[in-house]
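Listed below, chain by chain, are the residues.
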Amino acid sequence: DLAHYRLQVRVDRGGHLDVTAEVTFIPLQPHLRVIRFALFPKLRVERAWDAQKTPLPFLQVDEEEGNALAVIFPEPLPVGVPRTVFLRYGGRGAVRPSGPGNYILVPEARSTWYPNNWQMTFGDRATFEIIFAIPKDHMIVATGQPRERVPETSRWTSEWPITVAGFNVGLFQTRQRSEDGIVLEVYTNPTEPDEIRRVQLLAEQLERQGIRLELPMGSLTTSGLAENMLVEALNAVRIFTRYFGPNPYGRIALSQQPAAFFGQSWPMLVYLPYTAFLDGTQRRALGLPVRFSEFTDIVGAHEVAHQWWGHIVSWKTYRDQWMSEGFSDFSAALYLQFAFHADPQRRLKRFLDFWKNQRELITRKALLGVNRTSLEPYRVGPLILGARLNTGRTTGAYERLAYAKGAFVLHMLRMMLRDPRAPLGEGDDRFIALMREFTRTYAHRAASTRDFQRLVEKHMTPEMDLEGNGRMEWFFRQWVYGTALPHYVLHYWLRPTPDGRYRLWLKIAQSRVPDDFRMLVPVYLDYGEGKLVRLGMATVQGNSSVETEVTLATPPERVLLNALEDVLCTKEEKATK
Ligand SMILES: [Zn+2]
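Thresholds, definitions, all that
Once a new chain begins, its residue numbering starts again from 1 and follows that chain's sequence as written. Local features in a predicted model are, by the rule used here, given only for residues with pLDDT of at least 70; side-chain atom pairs are given and counted only at 80 or more, and totals for whole chains, interfaces and linings are based on all residues. The side-chain values count all of the structure's non-hydrogen atoms but skip hydrogen atoms and water molecules. Secondary structure elements follow DSSP: runs of H or I of four or more residues count as helices, runs of E of two or more count as strands, with numbering from the N terminus. Polar contact criterion, stated in full: a pair of N or O atoms within 3.5 Å, where within protein one must be able to donate a hydrogen and the other to accept it, and residues adjacent in sequence count only if both atoms are side-chain atoms. Strands are treated as partners if at least two bridges between them are detected by DSSP. Every angle, taken between N-to-C directions, lies between 0 and 180 degrees, and every axis is a line fitted to C-alpha atoms, over only the stretch in contact when it is a helix. Centres within 6.5 Å are what make two rings of Phe, Tyr or Trp a pair, Trp counting through its six-membered ring; a difference in plane orientation under 30 degrees is then read as stacked, over 60 as edge-to-face, and the rest as tilted. Summary of the burial criterion: residues with accessible area below 20% of their type's maximum are buried, those above 50% are exposed, and those between are partly exposed, where the area comes from a 1.4 Å probe applied to protein chains only. Over a ring means this: the NZ of a Lys or the CZ of an Arg is within 6 Å of the ring centre and within 35 degrees of the ring normal.

Regarding the environment of Ser 98
Inference 1: Of note, Ser 98 is situated in the loop between strand E8 (95-97) and strand E9 (103-105).
Inference 2: In the structure, Ser 98 is positioned 14 residues away from Thr 112 in sequence and 20 Å away in space, judged by C-alpha atoms.
Inference 3: Separated by 3.1 Å, the side chain of Ser 98 and the backbone oxygen of Arg 96 make a polar contact.

Thoughts on the sheet that holds strand E25 (residues 487-496)
Inference 1: Read from one edge to the other, the open sheet built from four strands follows the order E29-E26-E25-E31, with strand pairing classed as mixed. Because the sheet does not close on itself, it has two edges, and the strands there are strand E29 (545-552) and strand E31 (570-575). Pairwise comparison of adjacent strand axes, ignoring direction, gives a mean angle of 15 degrees for this sheet.
Inference 2: Two strands pair when backbone bridges link them, and E25 and E31 are joined in this way by six bridges, in the parallel orientation. Residue pairing in the sheet places His 491 in a bridge with Lys 574 of E31.

Some points on the packing of aromatic side chains
By convention here, two paired aromatic rings are described through the distance between centres and the angle between planes.
Inference 1: Counted under the stated rule, the structure contains 34 aromatic pairs.
Inference 2: Seen in terms of ring centroids, Phe 351 and Trp 355 are 6.3 Å apart; in terms of plane orientation they differ by 85 degrees. Their pairing is edge-to-face. Taken together, the positions of Phe 351 and Trp 355, both in helix H6 (residues 344-363) and four residues apart, correspond to about one turn of that helix.
Inference 3: In this structure Phe 351 comes out as buried when scored by relative accessible area, which is 3%.
Inference 4: Ring centres of Phe 354 and Trp 355 lie 5.0 Å apart, and the angle between their planes is 90 degrees; on these two criteria the pair is classed as edge-to-face. For the pair formed by Phe 354 and Trp 355, the shared burial category is buried.
Inference 5: In this structure, Arg 36 is placed above the aromatic ring of Trp 118, and the distance from its NZ or CZ to the ring centre is 3.7 Å.
Inference 6: A cation over a ring is seen here: Arg 350 above Phe 340, with NZ or CZ 5.5 Å from the ring centre.

And the structure:
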């Protein structure tokens, strides 16, 4: 168990890293003499010593052989007694220069640039004090709270034990905004990363050859949209604070990294791809496909959400990791619902399109595995298998399911907990109470799927008690531990009655499921112009159907199943005379 780090880090312009690390750990097993760590292989250890300044022998495998490092103590360490080891190491390759003033802490080194738990490079929570020395004019942003921040040196401390530590360095411009006890910062590079620079050089060549380009190639910089990013993050934080509770870290820094397709969230520090800071015209100029906006629309909100899902609450084992990615993608959908656009109709459409896309990712045949065989991802296995869903035959399945199906699990719970009488976008009181209790109970700790299930059971409605035992076992068994995906067919007719009202008959058939599969299936009346009323939820079990008749005062334009993508399913709706 790693408890505390004190790291003194020097970064130079060439990306060379020089570190003195003081690592305090608590031996949990008896007879331990050899303490193992994971350290990025390009960082080589020079010396190791103990608190009495006695040199300690160490072994570090060759660079090509991986990240294993072991420090050897002269006698077995007593269980439960904190010990400190000092290490001096350094090298090039963990931080890579990527254009003027741009650097990247390479993804492979993100959690092993310091000596980390070799069995778990993410999630062995520890407190950190990190002191940086950086080149003149450069800025650094790191996990933790900044203290004594002066040019060329700064000190960062974390009050809470955090899952992982990191930093981003560069010739940054910053913007800041604070609200409700949380400080938001954006760090952008005013100089282009090499990747953008290459496109510009090509454009300049073409222009010299007399080919005029209509695209704004000269202004491909990211600082212009820094303000947008700040507003986007501010909105995301407001929404997540309301739904999930306050963020105890009190700060989030969003920093640009010279990578186009890759975002990552460390505690208090988000790494965003530079493409997230470009507008649509600029993205087209770079040749990025239009559907790429699917990614850039939500990458900021998704990464901000990881502050709650992954950091404030982390996951216990690989079986629970779906909650981190799934809940973050769900959170991005909340962002789309409330903040994507000023026009409520466009927001609602974007929100529903998001869920349709997720459903496609889960149900459409996709090319998976090294042999690229065509398979529906949901058939590969249940969420609870985590990264083990990816085998040689099914690589890519885990990513689709953890994000998309994981998000759907939470969306289905939200829809069942929702007060159907409330207008769209309201009525989430029960869901909010559940999520806030979840983050409050497991703040700065790891939670499991079962831990979450127990809290859902505390907040469930009587209608959700499909097995009559006050438990949500049925739901988790089907959607987290199971692979079924129901198909629904709705038949209905609507006829005027002699007393001037309307008779609605409807029948819902459920199929393609095991016999004990049950679900609450909502029926909506669509009155047009976005006016959608939930008539009720039908309980259907196994491959069977239910039917009902009701009298309505005014006739809807249409009757719909799952109008808010309430249930992950495929469906058909048929009106008859
Ligand atoms: Zn993620």
